[in-house]
Amino acid sequence: MEYRQLGRSGLKVSVLSLGTMTFGGKGKFAKVGDTGVAEARRQLALCVEAGINLFDTADVYSQGVSEEILGEVLKEKRTSVLVASKARFPMGTGPNDRGSSRHHLIRACEASLKRLKTDYIDLYQLHEWDGVTPLEETLYALEHLVDSGKVRYVGVSNFSGWHLMKTLGVSERLKLIRPVSQQIHYSLQSREAEYELLPITQDQGLGVLVWSPLAGGLLSGKYRRDRQPEGSTRHLEEWNEPPIYNQDALYDIIDVLVDIADARGVSAAQVALAWLISRSSVTSVIIGARTEDQLKDNLLAADLVLNSDEINRLSDVSRPPLIYPYWHQAQTASDRLSAADLSLIAPYLRKP
């Protein structure tokens, strides 16, 4: 297992980490999975054996049950692994039971600590942007949690580019706690993060944790032009996370995935995960599984190294169009682009 530095922190995290959204199966999260304590314990053991040292959860996953299960199965392993959690989404019906206010964040963190059966959270993340609460209030609350020893590092998740830069700017201006990472959706099927979020990562020295790297299972190889997984009642038209805008383009990606996987004698899921691991801006790819077999298969991606031809084939078939102002920069500013700019634009400059 490879370990990469998380942003500008001194923390090293495994290139694969385990997401625990499948733990609990309560409410709407039952559609994702219903992993109980016994199965979670087996999954954790497999991950630790494989070298995974980061386990990601959130208070909203099954309304706290995911955290409870993770806390139960960690116990004696707690000091040898890293725990990441998140807050922002509703955890009650009251008007202050959500958001990134000082009131909500401090209460949410204390509740998560109890559920996780721990004294501290290694990485505490804002689960989503809060456009109502002043960033100064949010960052002072996070600073308080770090100073009190309840949190060691902070991060953000699902921020836009300007949200992220505003957060970093306020942090620098007030000399408050600076996020070390962002958790984003990024996959061969959904590469929008390359427009802003990944260049910011390179320019500002942030770590990147990737959620839903298989696009909710779309890139597992089970969905093909001529068939759906046996027993599946979900159609691509019903997909909203991530949304499917072009089914033909998705199937083109899957065709290349399966072709490479068949040639290598591995699963399409492993190839999709290995492509993400090969991206220089990615720190860790968060995997999750309904079953032990799925988890075992995903873990093998840590040892799969794609060659340059395979990476280029996958990158070419999935590359999104260059939107404004980037196509204009490619045409008129290519003589004065930074490394962060080129992380997006360089492949388009090579095209005839």
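Right above here is the structure, for reference.
The rules behind the values
Residues numbered from 1 in each chain as written. Predicted model: local features only at pLDDT ≥ 70, side-chain atom pairs only at ≥ 80, totals over all residues. Heavy atoms only, no water. Salt bridge = Lys/Arg side-chain N within 4 Å of Asp/Glu carboxyl O. Helix = DSSP H or I, 4+ residues; strand = E, 2+ residues; numbered from the N terminus. Buried < 20%, exposed > 50% of the residue type's maximum accessible area, 1.4 Å probe, protein only. Core = buried A, V, L, I, M, F, W, Y, C linked by side-chain atoms within 4.5 Å. Contact = heavy atoms within 4.5 Å. Phe/Tyr/Trp six-rings, centres within 6.5 Å; stacked < 30°, edge-to-face > 60°. Axes fitted to C-alpha atoms, helices over the stretch in contact; angles between N-to-C directions. Parallel < 35°, antiparallel > 145°, perpendicular 65-115°, else oblique. Left-handed = near helix turned anticlockwise from the far one by under 90°. Nonpolar A, V, L, I, M, F, W, Y, C, P; charged D, E, K, R; others polar. Pairing = 2+ DSSP bridges.

Chemist: Which parts of the structure should I look at to understand the pattern of salt bridges?
Modeler: When the charged atoms of two side chains with opposite charge come close together, those side chains can pair. Overall, the coordinates contain 20 salt bridges when judged by the stated rule. Between Arg78 and Asp122 there is a salt bridge, with its nearest N and O atoms 2.9 Å apart. Placement of Arg78 in the loop between helix H2 (65-74) and strand E5 (82-87) and of Asp122 in strand E6 (residues 121-126) is noted, with a sequence separation of 44 residues between them. Grouping residues by exposure puts Arg78 and Asp122 together as buried. When the shortest N-O distance is used, the salt bridge between Glu194 and Arg191 registers 2.8 Å.

Chemist: Quick question: what am I supposed to make of the nonpolar core here?
Modeler: Looking at soluble globular proteins, one finds that nonpolar side chains tend to be buried together. Within the largest apolar cluster, 88 residues are counted, with the highest numbers of intra-cluster contacts made by Tyr124, Leu142, Tyr186, Leu219, Leu257 and Leu314. Discounting residues that sit within four places of it in the chain, Leu219 has contacts with Ser187, Leu188, Gln189, Pro213, Leu214, Leu250, Ile253, Ile254, Leu257, Ala268, Ala269 and Ala272. Judged by nonpolar contacts, the second largest core, of 10 residues, contains Leu6, Leu54, Leu82 and Ala84.

Chemist: Can you walk me through the packing of aromatic side chains in this structure?
Modeler: Here the distance between the centres and the angle between the planes together describe a pair of aromatic rings. Per the counting criterion, the structure on display carries six aromatic pairs. Ring centres 5.7 Å apart and planes at 65° place the aromatic pair Trp129 and Trp162 in the edge-to-face group. In this pair, Trp129 sits in the loop between E6 and helix H4 (135-147) while Trp162 sits in helix H5 (residues 161-174), placing the two residues 33 residues apart along the sequence. The exposure class assigned to Trp162 is exposed, which follows from its relative accessible area of 55%.

Chemist: What is the right way to read the packing of helix H3 (residues 102-116) against H4 from this model?
Modeler: For any two helices packed against each other, one specifies the inter-axial angle together with the distance between the axes. Between H3 and H4, the least distance of the axes is 9 Å, while the angle of their chain directions is 30°. If you check the angle between H3 and H4, you find them roughly parallel. Between H3 and H4 lies a crossing of right-handed hand. The residues of H4 that touch H3, namely those facing Arg102, Leu105, Ile106 and Cys109, are Glu137, Thr138, Tyr140, Ala141, Leu142, His144 and Leu145. In the contact of H3 with H4, the residues fall into seven nonpolar, two polar and two charged.

Chemist: So what exactly am I meant to see when it comes to the sheet that holds E5 here?
Modeler: The pairing of strands in a sheet comes from backbone hydrogen bonds and takes either a parallel or an antiparallel form. Read around the closed barrel, the eight strands follow the order E3-E4-E5-E6-E7-E8-E9-E10; overall the barrel is parallel. On average, each strand axis in the sheet is inclined to that of its neighbour by 30°, with strand direction left out of account. Sheet contacts for helix H6 (residues 197-204): strand E8 (181-185) and strand E9 (207-211); angle to E8, the most-contacted strand, approximately 165°.

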